[in-house]
There are 2 protein chains.
Amino acid sequence: MITLTQMGQNAKNAEQQLSQLSTIKKNQVLKAMAREVRKSSDAILKANAIDMQDAEKNGVKKVMLDRLKLDDDRIASMADGLEEVAGLADPIGEVLKGWTTETGLDISQVRVPLGVIGMIYEARPNVTVDAAGLTFKSGNAVILRGGKEAIHSNQALVTALRTALKTETIAEDSIQLITDTSHETATALMQLTAYLDVLIPRGSAKFIQMVVQKAKVPVIETGAGNCHVYVDEGADLQMATNIIVNAKTQRPSVCNAMEKLVVNEAVAEELLPMVAKALKPFNVDLRGDERAKSILPDISLATEEDWGTEYNDYIMAIKVVDDLDQAIDHINRYNTKHSEAIITNNYAHSEQFTKEIDAAVVYVNASTRFTDGYEFGFGAEIGISTQKLHARGPMGLNEITSTKYVIRGNGQVRK
Amino acid sequence: MITLTQMGQNAKNAEQQLSQLSTIKKNQVLKAMAREVRKSSDAILKANAIDMQDAEKNGVKKVMLDRLKLDDDRIASMADGLEEVAGLADPIGEVLKGWTTETGLDISQVRVPLGVIGMIYEARPNVTVDAAGLTFKSGNAVILRGGKEAIHSNQALVTALRTALKTETIAEDSIQLITDTSHETATALMQLTAYLDVLIPRGSAKFIQMVVQKAKVPVIETGAGNCHVYVDEGADLQMATNIIVNAKTQRPSVCNAMEKLVVNEAVAEELLPMVAKALKPFNVDLRGDERAKSILPDISLATEEDWGTEYNDYIMAIKVVDDLDQAIDHINRYNTKHSEAIITNNYAHSEQFTKEIDAAVVYVNASTRFTDGYEFGFGAEIGISTQKLHARGPMGLNEITSTKYVIRGNGQVRK
C-alpha cells in the first residue's frame, strides 16, 4: 500500500502544475469531472450499497445512514456542484494590493494557491466531491480522508474524478484519497507537516477538537455553533418571533441554527408567549432560567450545561436579562464564536452589539441561518471557520488561498 | 507564583476593553509607555547589567551578548519605536469588503483584533517592547515569554509598560510577561489553546521548528531565509553584481540576506569573476558546484548540505544552471520560501520566475534585503512569515488582526 509520505510527495509534485493552470483549463477539467461522475453513477451506487450494508450491519444510527446514502438525485447534485464551481470566478492571480515604494519598487500582493490541503471528515460522501472541486479550482492539491463508513463510496467517487484528471492530462495525484481508514493513519495525516499546508476537519465539535489536539499541521477549525438571538427592549416582537422560528426550526441540525434565546426583561412577558405559540407546531423542547419559567410555567428549568450546549435539535433554552450589557456578557461567555443576532430598533444598541460580540458573524434584525457560503454569494463553501486565524466565517474559494508579494525593480539595493 | 491558566484568564479579561479602545486613547497610551520606558532607564540598565553578568558567567557567546546588551541609545530607540507605532494607522475597524445580498442584507467584513497573542522569543530584550507596542495598537492582549538570559531586562521593561497602562486606566494584564523561564512552562504556553488565539515564535530556524512541533496553539512561523539570486542570460551584469554585493554583505546575519547565487551558464564566465572581485573586500567564503569552480578555481566545492543551509554569515554558494527551468527547480527545491530574486532583462523570464517561484516575496532586479516591514511601508513589523496561512511575508499591524462579518437586515429569514 502507498505510504502517506509518498502521497504527500505525489501531492507536492502535482502542486506546481496545478498552480500554473489557466482558468479556462481548470473549468474544462471541472466539467469533465462532472461528466465522469454522472457516467460512473452505476459504479458509485454499487459501492454505496456496500457501505450501506456494512453500516446497517454495524448498527450505525439512522441519521448517519441518511447522510451516507447516495441516490441518482444526490449524484446528479454532486455533478451539478462541480459545474457550479467551474462557473465561479478564479481567485488565483487576483492582486489584493499594489503600491510603489519611495525607492521605486513596484510591490503587488498576488493571490496564489495554498499548496496541499488535507481534508478529514466524517460520513457524507458529497464532501469528497465538493472539497475536490473547490481545492482544484483554487489551484491546490488535496489529500482526502473520509469516514470509514463511506470508504467504498469515496473510492468510487475519487476514481471518477481522477479519470477526468487523466483524460485532461492533469496530474491524477492532484486528488488523492487515503484508503487506509485506521486511526493511526488519520493521526499521521494530521502530523504530515512536511507536505500539508493546512488541514481542514469537518464533522462534529468533538471530532474537530480531537483533530486540533492531535494535529501538528495548521488546522482551520470549522463548525460548532451555539448561536444566540437577543431580543432587545423596544424590538419589533413580530419580527423577532419570525426570526426566532426561522433560526430555530428551518434546519435545526446545522451549525448556524439558533440554540439560545436571550430576552430583555422589558419585553419577556409579551414575547415569550408569542414565541412559545409560534414554535408549538415544531414541538420544540423549551427550557429556561427562573424568570423565563415564571412566564412560561410549562417549560423545564435550564441547567448550567444547557447554556454551553449546541443541541442541533428541536430544543431551545431561554435566558432573561436585565439589559444589553448582561446579554452581551452572557453571549460572549457561552457562544462558540459562530453567529449571533440582536433584534432591536435602538441604533446605539445595534452598534454596541455588533462591536462587542465576539463571533464570526454578528447580525442585526436577521436570522442566523444566513451564515453560509451560498447565502453570502461565495457560490460554494468548504466550511465555516470559527477560529480567528486565516479565515473567519464562511470559507469560499478565496479562503483556501494564500498570497505572495511580487516586487519589480530596476536595480534597487538597500541603503 | 501565578499560573499560566490564570495569566490566560487575565489576558481574556483584558481583551474586551482593548478591543473597544479608540485610536486616540491607544496612541495616548503608547506615548505614555514611551515616556515610562525613558523614565525607567536606570532601572532597566541595572536589570540588564545582572543579565549580562549572568550571561558572561555562563559563557554565553559574544554575538549573543551583543544582542542582550542595552545602553542609553538602545533604550531610547525602544521608546522611539513605541511613538512610531502611535503614529501608524489603526487597523481596527477597517472595512475590507462590503456588499448587499439579493435579500437586502448589508454585509461588511470588518477588521477586529485577534484576541490574545503569545510571543515566544530568544535573547533580544527589544522584542519585548516592539511586540507589546504592536499588539497593543492592534487591540490584542499579549503574553510574552522571552529568553531566560534576558529575564531581568524583560521584567524591568514590562514593569515600565504596565506602569503606563495603569496610569492610563488600561487593564495592566494587557501585557504580561512569564517570569518562570523553565522549558515546561514554555511548552505549556505553546499548548494554552483555551486562551491563546495565536503563537508567534521569533528566533533561530531550529527554535521555530521546535515550537511548531510542540505547539497546539496555531503558530505563525517566522524567519528562516535561504535566499537565492538568479542571474539570467542577457542580464545587466553590473546591476547583478551590485545587487549580489548588497544582498550578501549589507547585513549577512539577517533572514533576508542572500545565501546562494544561481547563474545561467551563458553569463557565468563573465559574471563570476566580477562577483568574486566585488566581494573580495568582505572576505566572503565562496563555495560552488563543479562548473562554478572551473571558472573560479580558488573556491571550495559546495556539498549537498550547502544548498539547503542558511549561513547568516559571510559565506555564499554558487550554482551554475543550463537555463531558467533548472534555476527555478533548484530554488523551489532548496529555498525556505522567504525571498528570491531574478536579475534579467527578458520579459517572459521575469513573468515565469515570479509565477513559478514559491516564496513569500519574489523580486525582479532588486535586492532580497527589501523584505522588511519598514521597507514595505508598514512602519514596523512583528516578524516575517514564511508560511502560507493567515499572513505571508512581512507582518505589520494588519497581519496581527482578524475580521468579523457584520450583517444589517430588516427582518430577513432564510427561505
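Nothing here was measured: the structure is a model prediction, and the numbers come from that model.

Caption draft 1: Structural view of the domain arrangement of chain A. All names here are of chain A. For chain A, the domain assignment lists domain 1 (4–221 + 387–407) and domain 2 (227–374). Taken together, the five residues of domain 1 in the interface contact nine residues of domain 2. Carbon and sulfur atoms make up 51% of the area that domain 1 and domain 2 hide from each other, which totals about 500 Å². Considering only the side of domain 1, the residues that lose the most area to domain 2 are K388, R392 and P394, jointly responsible for 67% of the buried surface there. For the pair domain 1 and domain 2, the number of links is two salt bridges. Of the charged contacts, one joins D358 and R392 as a salt bridge, the two residues approaching to 2.8 Å between their closest N and O atoms. Remark: the boundary between domain 1 and domain 2 carries two residue pairs in polar contact (both at pLDDT 80 or more). Taken together, the residues of the side of domain 1 that touches domain 2 break down into one nonpolar, one polar and three charged.

Caption draft 2: Examining helix α3 (residues 41–57) of chain A more closely. All names here are of chain A. The end-to-end C-alpha separation of α3 is 24 Å, in line with the 24 Å expected for 17 residues at 1.5 Å each. What α3 keeps buried is the set S41, I44, A47, N48, D51, M52 and A55. Here the buried residues of α3 occupy an arc of 145° about the axis, which is enough to place them on one side. Opposite the packed face of α3, turned more than 90 degrees from it, sit the exposed residues D42, K46, Q53 and K57. Of the surrounding secondary structure, the elements contacted by the buried residues of α3 are α2 (23–39), α4 (62–68), α5 (72–87) and α7 (151–167). Taken from the residues just after α3, G59 is the one with a positive phi, measuring 70°.

Caption draft 3: Spotlight on the sheet that holds strand β1 (residues 95–100) of chain A. The ten strands lie next to each other as β1(A)-β2(A)-β16(A)-β13(B)-β12(B)-β7(B)-β8(B)-β11(B)-β9(B)-β10(B), forming an open sheet whose pairing is mixed. Since the sheet does not close on itself, it has two edges, and those belong to β1 of chain A together with β10 (300–301) of chain B, each with one partner. The sheet contact formed by strand β16 (residues 401–412) of chain A and strand β13 (residues 361–366) of chain B spans five bridges and is parallel. Across the sheet, the residue bridging to A:R408 is B:V364, located in β13(B). Sitting on the sheet, helix α10 (residues 237–249) of chain B touches β16 of chain A together with β7 (227–231), β8 (258–264), β11 (315–321), β12 (339–343) and β13 of chain B, and the angle it makes with β8(B) is about 160°.

Scoring rules and cut-offs
- Residues numbered from 1 in each chain as written.
- Chains lettered and ligands numbered in written order.
- Predicted model: local features only at pLDDT ≥ 70, side-chain atom pairs only at ≥ 80, totals over all residues.
- Heavy atoms only, no water.
- Domains from an automatic or database assignment.
- Contact = heavy atoms within 4.5 Å.
- Buried area = accessible area lost by both parts, 1.4 Å probe.
- Salt bridge = Lys/Arg side-chain N within 4 Å of Asp/Glu carboxyl O.
- Polar contact = N/O pair within 3.5 Å; in protein donor to acceptor, adjacent residues only side chain to side chain.
- Nonpolar A, V, L, I, M, F, W, Y, C, P; charged D, E, K, R; others polar.
- Helix = DSSP H or I, 4+ residues; strand = E, 2+ residues; numbered from the N terminus.
- Expected span 1.5 Å × (residues − 1).
- Buried < 20%, exposed > 50% of the residue type's maximum accessible area, 1.4 Å probe, protein only.
- Arc of directions from axis to C-beta.
- Pairing = 2+ DSSP bridges.
- Axes fitted to C-alpha atoms, helices over the stretch in contact; angles between N-to-C directions.

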